[in-house]
Amino acid sequence: MIKVSDTAKKKIVDLMTEDGFDAATDYVRVGVKSGGCSGLSYDLKFDKTKNEEDKIFIDNDITIAVEKKSFLYLAGTILEFSGGINGKGFVFNNPNATRTCGCGESFSL
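Residues numbered from 1 in each chain as written. Predicted model: local features only at pLDDT ≥ 70, side-chain atom pairs only at ≥ 80, totals over all residues. Heavy atoms only, no water.

Draft legend 1. Just the nonpolar core, in detail. I12, I64 and V66 are the most contacted members of the largest nonpolar core, which totals 21 residues. Looking at this core, the elements that each hand over two or more residues are helix 1 (6-18), strand 2 (27-34), strand 3 (40-47), strand 5 (62-67) and helix 2 (68-74). (Core = buried A, V, L, I, M, F, W, Y, C linked by side-chain atoms within 4.5 Å. Buried < 20%, exposed > 50% of the residue type's maximum accessible area, 1.4 Å probe, protein only. Helix = DSSP H or I, 4+ residues; strand = E, 2+ residues; numbered from the N terminus.)

Below is the structure:
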């Protein structure tokens, strides 16, 4: 399961609305791809369709779609949003990551 913090939920709803998506019916697609200084990086985008290989989670009224191959890397992750003076944007607090880069956008297992 992937959890969504209250601050991330608010930002997701705002961004989805700005981009023409509806947080009540559309998906936040979260995945992992090769790249970044630690080997793997996170991918987050909005989507209107569910793929056959997706795992679907609903947390904090946000529906998250994760491809099965990315799920093993993301199980237990909490999606947060940091908007402070050094705001990083969306932050993935991933208990599976053994190492992360300084910017927090890539990780390794």
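Further notes follow.
Draft legend 2. Molecular detail of the sheet that holds strand 7 (residues 89-93). Read from one edge to the other, the open sheet built from 3 strands follows the order 1-6-7, with strand pairing classed as mixed. Edge strands, defined here as strands with exactly one partner in the open sheet, are strand 1 (3-4) and strand 7. The pairing of strand 6 (residues 78-82) with strand 7 spans 5 bridges and is antiparallel. Within strand 7, the position partnered with L79 by the bridge is F92. Here helix 1 sits on the sheet in contact with strand 1, strand 6 and strand 7, set at roughly 75 degrees to strand 6. (Pairing = 2+ DSSP bridges. Contact = heavy atoms within 4.5 Å. Axes fitted to C-alpha atoms, helices over the stretch in contact; angles between N-to-C directions.)

Read these as geometric descriptors, not functional statements.
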